[in-house]
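Read off the chains here:
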Amino acid sequence: MRLMEKIYEMAKANKQRIVLPEGEEERTIVAAQKIYEQGLATVILIGNKERIAAKARELDADLTGIEIIDPETSENLQKYTTAFYELRKNKGMTKEKAEIIVKDPLYFGTMMVKLDDAEGMVSGAIHTTGDLLRPGLQIIKTAPGVSVVSSFFIMMVPGSTYGEEGMLLFSDCAVNPNPTAEQLASIAIATADTAKLLCKIDPKVAMLSFSTMGSAESELVTKVRTGTELAKQMRPDLAIDGELQLDAAIVKKVADLKAPDSNVAGKANVLIFPDLQSGNIGYKLVQRFAKAEAIGPICQGFAKPINDLSRGCSEEDIVNVVALTSVQAIIKKENA
Ligand SMILES: CC(C)(COP(=O)(O)OP(=O)(O)OC[C@H]1O[C@@H](n2cnc3c(N)ncnc32)[C@H](O)[C@@H]1OP(=O)(O)O)[C@@H](O)C(=O)NCCC(=O)NCCS
Ligand SMILES: CC(=O)OP(=O)(O)O
């Protein structure tokens, strides 16, 4: 069974409440109907009820059975405002500012997740990644024992045998612009754990660089090398190796030549990029040139699941990310 089929089955078997703050956006409305019809999650749309109803009529979408909450008229507005103020008052938040900020759908949705009125949130069809991450980082914060929030894409490359029959995890492609060596180590460990728990694969993690095992020297390479060492020290149970060039990471013939002693080279299924320039460009190259399905960016490291979309996403992408968010929430509860 394909990974997404398994994810859909898990989501359907234990329906979670997922809030979509971009409730007035067309792809989100169509996706909400699909999610409801497939029984994947209990979707909550945030926005103005009249505007959402009018947009649904235009799109011929049926929103029967889908809850719509307008922050302006919500009975929970005061509760969320007070809780948000309490969370952020030592960072300079005032009651007046909190009243305005919490009406923002992204902050309102994040407060719903924080106060257990939803199990997860998905946004980003019209907002930038930073817009979504800021409330998440300020309100939800990192899970216990996790130092950095990061993200991953599940890349499904058609007709490819690289990784797990063409499936690979790419990280970090959306959150940390220039991670330190310590942060790279955390990102590698988090993605390996995600590969195991969510994708049910045995992770082989390549720390990518333009150098393979000392073939070049630069402070950029040193960062990746140090990150690799730290990750190995922190989690000796995981197969993590580097620094590796992309070809040495995934092509056996090249690995035999460039890194014959590596337990990861030639068979990596998790690729850790050295920074956000390479990660974001890298996933979009594979998505566009190799026509890969790019599912994500899925965030990891938050205490509760908050997930982003690319603004170029399709309705189907939203459905997929909602299903994954539900499964993240289920796994979190199981491991709590
Ligand atoms: C992630 C991002 C939004 C953080 O924004 P920022 O304005 O730099 O945020 P700040 O540095 O003010 O930090 C806000 C809070 O988040 C925390 N934080 C920031 N990045 C974090 C991370 N990766 N993990 C955990 N916490 C983080 C800070 O410690 C701070 O906490 P506090 O306010 O409780 O003290 C920013 O790094 C960003 O825009 N990243 C790139 C996103 C992007 O454009 N991606 C490409 C397209 S997908
Ligand atoms: C993940 C990503 O690159 O998002 P966007 O295309 O919206 O910037």
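The shown structure was predicted, so the numbers you read here are calculated from the model rather than taken from an experiment.

Notes on the pairing of strand E5 (residues 150–156)
Argument step 1. Burial analysis of E5 places seven of its seven residues in the buried class, which makes it a mostly covered element.
Argument step 2. Two elements, E5 and strand E10 (residues 293–300), share six bridges in a ladder whose sense is antiparallel. Bridging across to E10, Phe152 finds its partner in Ile298.
Argument step 3. One ladder, built from five bridges, connects E5 with strand E6 (residues 167–171); its direction is antiparallel. When the bridges of E6 are listed, Met156 appears paired with Met167.

Digging into the site of ligand 2
Argument step 1. Residues in close proximity to ligand 2 include Phe153, Asn280, Tyr283, Lys284, Pro297, Ser310 and Arg311, which together make up its full environment.
Argument step 2. Lys284 is positioned such that a nitrogen or oxygen atom in its side chain is 2.9 Å from an oxygen atom of ligand 2.
Argument step 3. Taking 260 Å² as the accessible area of ligand 2 by itself, protein coverage stands at 86%.
Argument step 4. A per-element tally of the shell around ligand 2 places helix H13 (residues 276–289) first, with three residues.
Argument step 5. The residue inventory of the shell around ligand 2, partitioned by class, reads three nonpolar, two polar and two charged.

Remarks on the layout of surface pockets
Argument step 1. Each pocket or cavity is described by its volume, and for the largest pocket that value is around 720 Å³.
Argument step 2. The element best represented in the lining of the largest pocket is helix H9 (residues 181–197), accounting for seven residues.
Argument step 3. For the lining of the largest pocket, a count of residues per class yields 18 nonpolar, eight polar and three charged.
Argument step 4. By volume, the second largest pocket is sized at about 500 Å³.

A short note on the sheet that holds strand E1 (residues 17–20)
Pairing between the strands of a sheet is mediated by backbone hydrogen bonds and can be parallel or antiparallel.
Argument step 1. Taken in spatial order, the five strands line up as E3-E2-E1-E4-E11 in an open sheet, and their pairing is parallel. Here the strands that pair on one side only, and so sit at the sheet edges, are strand E3 (67–69) and strand E11 (306–307).
Argument step 2. Pairing between strand E4 (residues 120–122) and E11: two bridges, direction parallel. When the bridges of E11 are listed, Val122 appears paired with Asn307.

Notes on the packing of aromatic side chains
Argument step 1. Counted according to the given criterion, the structure contains four aromatic pairs.
Argument step 2. On the basis of an interplanar angle of 75° and a centroid distance of 5.5 Å, the ring pair of Phe84 and Tyr107 is categorised as edge-to-face. A residue pair is termed long-range when its members are at least 10 positions apart, and Phe84 in helix H4 (residues 77–88) and Tyr107 in helix H6 (residues 105–114) qualify at 23 residues.
Argument step 3. Under the relative-accessibility criterion, Phe84 is labelled buried at 0%.

Remarks on a nonpolar patch on the surface
Argument step 1. Nonpolar side chains collect at one region of the surface, where Ile281, Leu285 and Phe289 lie side by side and expose about 350 Å² of accessible area between them.
Argument step 2. Relative to the helices and strands, Phe289 resides in helix H13.
Argument step 3. Given the relative accessible area of 70%, Phe289 is considered exposed.

Digging into the packing of H4 against H6
The axes of two packed helices give the description: the angle between them and the distance between them.
Argument step 1. Two elements in contact, H4 and H6, have axes whose closest approach is 10 Å; the angle formed by their N-to-C orientations is 85°. Relative to H6, the element H4 is oriented roughly perpendicular. Contacts between H4 and H6 pair Leu77, Tyr80, Ala83, Phe84 and Leu87 from the former with Tyr107, Phe108, Met111, Met112 and Lys114 from the latter.
Argument step 2. Residue classes in the contact of H4 with H6 are distributed as nine nonpolar, no polar and one charged.

Notes on the packing of helix H1 (residues 3–13) against helix H14 (residues 315–334)
Argument step 1. Remark: H1 packs on H14, axes separated minimally by 9 Å, with the N-to-C direction vectors making an angle of 60°. Viewed along their axes, H1 and H14 adopt a mutual orientation that is oblique. The way H1 lies across H14 gives a crossing that is left-handed. Residues Met4, Ile7, Tyr8, Met10 and Ala11 of H1 form the contact with H14, whose participating residues are Glu316, Val319, Asn320, Ala323, Leu324, Ser326, Val327 and Ile330.
Argument step 2. Of the residues belonging to the contact of H1 with H14, the class tally is ten nonpolar, two polar and one charged.

Thresholds, definitions, all that
- Note that residues are indexed from 1 along each chain, following the sequence as it is written.
- The order in which chains are written sets their letters, starting at A; the order in which ligands are written sets their numbers, starting at 1.
- With the structure being a predicted model, the display of local features is reserved for residues of pLDDT at least 70 and the display and counting of side-chain atom pairs for 80 or more, all residues being used for whole-chain, interface and lining totals.
- Hydrogens and water are ignored here; the side-chain numbers use all heavy atoms of the structure.
- Exposure is judged per residue with a 1.4 Å probe applied to protein chains only, and the accessible area is read against the type maximum: over 50% gives exposed, under 20% gives buried, and values in between give partly exposed.
- Numbering goes from the N terminus for both helices and strands, where a helix is a DSSP run of H or I of at least four residues and a strand is a run of E of at least two.
- Two strands are said to pair when DSSP picks up at least two bridges between them.
- Put simply, a residue is near a molecule or strand once any heavy atom of it comes within 4 Å of that molecule or strand.
- Residues adjacent in sequence count toward polar contacts only when both atoms are side-chain atoms; beyond that, a polar contact is any pair of N or O atoms within 3.5 Å, and within protein one must be able to donate a hydrogen and the other to accept it.
- For every accessible area listed, the method is Shrake-Rupley and the probe measures 1.4 Å; residues are considered covered only by the protein chains on display.
- Amino acids are sorted into nonpolar (Ala, Val, Leu, Ile, Met, Phe, Trp, Tyr, Cys and Pro), charged (Asp, Glu, Lys and Arg) and polar (every other residue, Gly among them).
- Detection works on a 1 Å grid of protein atoms alone, calling trapped sets that fit a 1.4 Å probe cavities and calling open sets with protein on both sides within 12 Å along at least five of seven lines pockets, with lining residues defined by an atom within 4 Å of a point.
- Grid points are joined across faces, edges and corners, and a volume is the space filled by probe spheres set on the points.
- Stacked, tilted and edge-to-face pairs are distinguished by plane angle, under 30 degrees for stacked and over 60 for edge-to-face with tilted covering the rest, among Phe, Tyr and Trp rings (Trp via its six-membered ring) whose centres lie within 6.5 Å.
- Only residues whose relative accessible area exceeds 30% and that form no salt bridge are eligible for patches; like-charged ones are grouped when within 9 Å, while nonpolar side chains (Val, Leu, Ile, Met, Phe, Trp, Tyr) are grouped when within 5 Å.
- A pair is scored as a salt bridge if a Lys or Arg side-chain nitrogen falls within 4 Å of a carboxyl oxygen belonging to Asp or Glu.
- Helix axes are fitted only over the stretch in contact, all axes being lines through C-alpha atoms; the angle between N-to-C directions runs from 0 to 180 degrees.
- Each angle gets one of four labels, with under 35 degrees taken as roughly parallel, over 145 as roughly antiparallel, 65 to 115 as roughly perpendicular, and the rest as oblique.
- Pairs of residues are marked as contacts when any of their non-hydrogen atoms sit within 4.5 Å.
- Handedness of a crossing is defined here by the sense of rotation of the near helix relative to the far one, left-handed for an anticlockwise turn of less than a right angle and right-handed for a clockwise turn.

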